[in-house]
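# Results of the structural survey
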Amino acid sequence: MSINLINYQKIKSIADSYSAQLVAVSKTKPLEDILALHQEKQIVFGENYVQELVDKFDKAPSSIDWHFIGHLQSNKVKYIQPIVKLIHGVDSEKLLMEINKQAAKNNAVSNVLLQIHIAQEESKFGLDEQELTQLLKNISSGKYPNVHIKGLMGMASFTDNHTQIKNEFISLKQLFDQHASEYQLDTLSMGMSSDYQIALDCGSTMIRIGSALFGERNYQKS
Ligand SMILES: *Cc1c(COP(=O)(O)O)cnc(C)c1O
């Protein structure tokens, strides 16, 4: 077992002091690590890969709430829609449509966050400002009754430049504030192991922490 309980207590209490939620990102990590953290009363776990999430969900106690935080392909929505409490990375209307369809089949309403592209890097997914505005408009017309947009999510650039990270989080927070009251958004998911403190200072309500809790990921093993 390789969970870092000292970091967990520290980050949990910092998150609490901002009234922010802590999502423990357990991708590539074994179920025993998840159970160990769950023993410490951690409820929410985030996973990036559909098959891995389904496997873990089947084995884990039902007292765990699962979030899907990775890049989701439309053809895989059906596997995770019934088992997750929140889908963080919705970045297209096509994906939203499919989530709505699967949720409707299951007589459910799926909670989702819209992913916004805030990083300088080309590789990160997400909507730009115009796409967000358009998508929110389309949603408010009532086309997707089985989806509930709870807020926005974003990832800052992978850099040591704190000013840049901060500016990216500030831009996401501004977008959030611009739309929050009209669309009743209450969740702003931003901040990871290396930048959660900056994110919280910029108004994050939900941080997604992996390696600081579970150690570095070894992708070869998973
Ligand atoms: C892996 C991942 C995280 C956690 O990253 P750490 O740097 O290990 O804390 C958070 N959010 C997303 C979207 C991720 O893919």
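A brief structural summary. Small disclaimer: the values here were computed from a predicted structure and weren't measured.

### Notes on the overall build of the chain
Each helix and strand counted, the chain has nine helices and eight strands in total. Its C-alpha atoms give the chain principal-axis dimensions of about 50 × 45 × 30 Å. By residue count, 50% of the 222 residues in the chain fall in the buried class. Here the analysis covers contacts within the chain between residues at least 6 apart in sequence; of these, 59% occur between residues at least 24 apart. Considering the chain, the positive charge centre built from 22 side chains and the negative charge centre built from 25 side chains are found 5 Å apart.

### Here's the deal with the packing of aromatic side chains
Across all of its chains, the model carries one aromatic pair by this definition. Measuring from centroid to centroid gives 6.1 Å for phenylalanine 45 and tryptophan 66, while their planes differ by 45°, and the two rings are tilted. Of this pair, phenylalanine 45 sits in strand 2 (residues 44-47) while tryptophan 66 sits in strand 3 (residues 65-68), placing them 21 residues apart in sequence. Considered together, phenylalanine 45 and tryptophan 66 belong to a single accessibility category, that of buried residues.

### Topic: the nonpolar core
Of all hydrophobic cores here, the largest spans 63 residues; its most connected members are Leu96, Leu114, Ile149, Leu152 and Phe169. Per-element accounting of this core gives the leading share, seven residues, to helix 7 (residues 162-183). Discounting chain neighbours no more than four positions away, the residues touching leucine 96 are Val90, Val112, Leu114, Leu135, Ile139, Tyr144, Val147 and Ile149. Counting residues in hydrophobic clusters, the runner-up holds six residues, among them Val23, Val44, Leu113 and Met153.

### Digging into unusual backbone geometry
Trans is the common state for peptide bonds, and a negative phi is the common state for residues other than glycine. Located in the positive-phi region is serine 19, a residue other than glycine, with phi close to 50°. Structurally, serine 19 can be placed in the loop between helix 1 (5-17) and strand 1 (21-25).

### Considering the site of the ligand
Lys27, Asn48, Ser193, Ser211 and Arg217 are the nearest of the 13 residues found near the ligand. Between the ligand and the protein, one listed contact pairs an oxygen atom with a side-chain N or O atom of serine 193 at 2.5 Å. Separating an oxygen atom of the ligand from a backbone N or O atom of glycine 210 is a distance of 2.8 Å. Class assignment of the residues belonging to the shell around the ligand gives a composition of six nonpolar, four polar and three charged.

### Topic: helix 7
For an α-helix, 3.6 residues make a turn, and residues three or four places apart therefore share a direction. Helix length check: helix 7, at 22 residues, gives a terminal C-alpha distance of 31 Å against a target of 32 Å (1.5 Å per residue), a fit within 8%. Bending of helix 7 peaks at approximately 30° at the position of aspartate 177. Listing the buried residues of helix 7 in full gives Ile165, Glu168, Phe169, Leu172, Leu175, Phe176, His179, Ala180 and Tyr183. Tucked into the core, helix 7 has its buried residues touching strand 5 (110-116), helix 6 (129-143), strand 6 (147-154), strand 7 (187-189) and helix 8 (196-201). With a side-chain oxygen positioned 3.1 Å from the backbone nitrogen of threonine 163, the residue opening helix 7 is asparagine 161.

### What to know about the pattern of salt bridges
Across all of its chains, the model carries eight salt bridges by this definition. Each of Glu47, Glu52 and Lys56 takes part in a single network of salt bridges with overlapping partners.

### Focus on the packing of helix 5 (residues 93-105) against helix 6
The geometry of helix 5 relative to helix 6 is characterised by a closest axis approach of 11 Å and an angle of 25° between their N-to-C directions. With respect to helix 6, the element helix 5 is oriented roughly parallel. As for the relative orientation of helix 5 and helix 6, their crossing is right-handed in sense. Taken together, the residues of helix 6 that come into contact with helix 5 (itself represented by Glu93, Leu96 and Asn100) are Leu135, Asn138, Ile139 and Lys143.

### Here's the deal with the environment of glycine 154
Assignment of secondary structure puts glycine 154 in strand 6. Expressed as a C-alpha distance, the spacing of glycine 154 and valine 109, which sit 45 residues apart in the sequence, is 23 Å. For glycine 154, the residues in contact, after removing those within four places along its chain, are Ile116, Ile118, Leu172, Ser189, Met190 and Arg208.

Conventions adopted
- Residues numbered from 1 in each chain as written.
- Predicted model: local features only at pLDDT ≥ 70, side-chain atom pairs only at ≥ 80, totals over all residues.
- Heavy atoms only, no water.
- Helix = DSSP H or I, 4+ residues; strand = E, 2+ residues; numbered from the N terminus.
- Buried < 20%, exposed > 50% of the residue type's maximum accessible area, 1.4 Å probe, protein only.
- Contact = heavy atoms within 4.5 Å.
- Lys, Arg positive; Asp, Glu negative; His and termini not counted.
- Charge placed at Lys NZ, Arg CZ, Asp CG, Glu CD.
- Phe/Tyr/Trp six-rings, centres within 6.5 Å; stacked < 30°, edge-to-face > 60°.
- Core = buried A, V, L, I, M, F, W, Y, C linked by side-chain atoms within 4.5 Å.
- Near = heavy atom within 4 Å.
- Polar contact = N/O pair within 3.5 Å; in protein donor to acceptor, adjacent residues only side chain to side chain.
- Nonpolar A, V, L, I, M, F, W, Y, C, P; charged D, E, K, R; others polar.
- Expected span 1.5 Å × (residues − 1).
- Bend = angle between axes of the 7 residues up to and from the residue.
- Salt bridge = Lys/Arg side-chain N within 4 Å of Asp/Glu carboxyl O.
- Axes fitted to C-alpha atoms, helices over the stretch in contact; angles between N-to-C directions.
- Parallel < 35°, antiparallel > 145°, perpendicular 65-115°, else oblique.
- Left-handed = near helix turned anticlockwise from the far one by under 90°.

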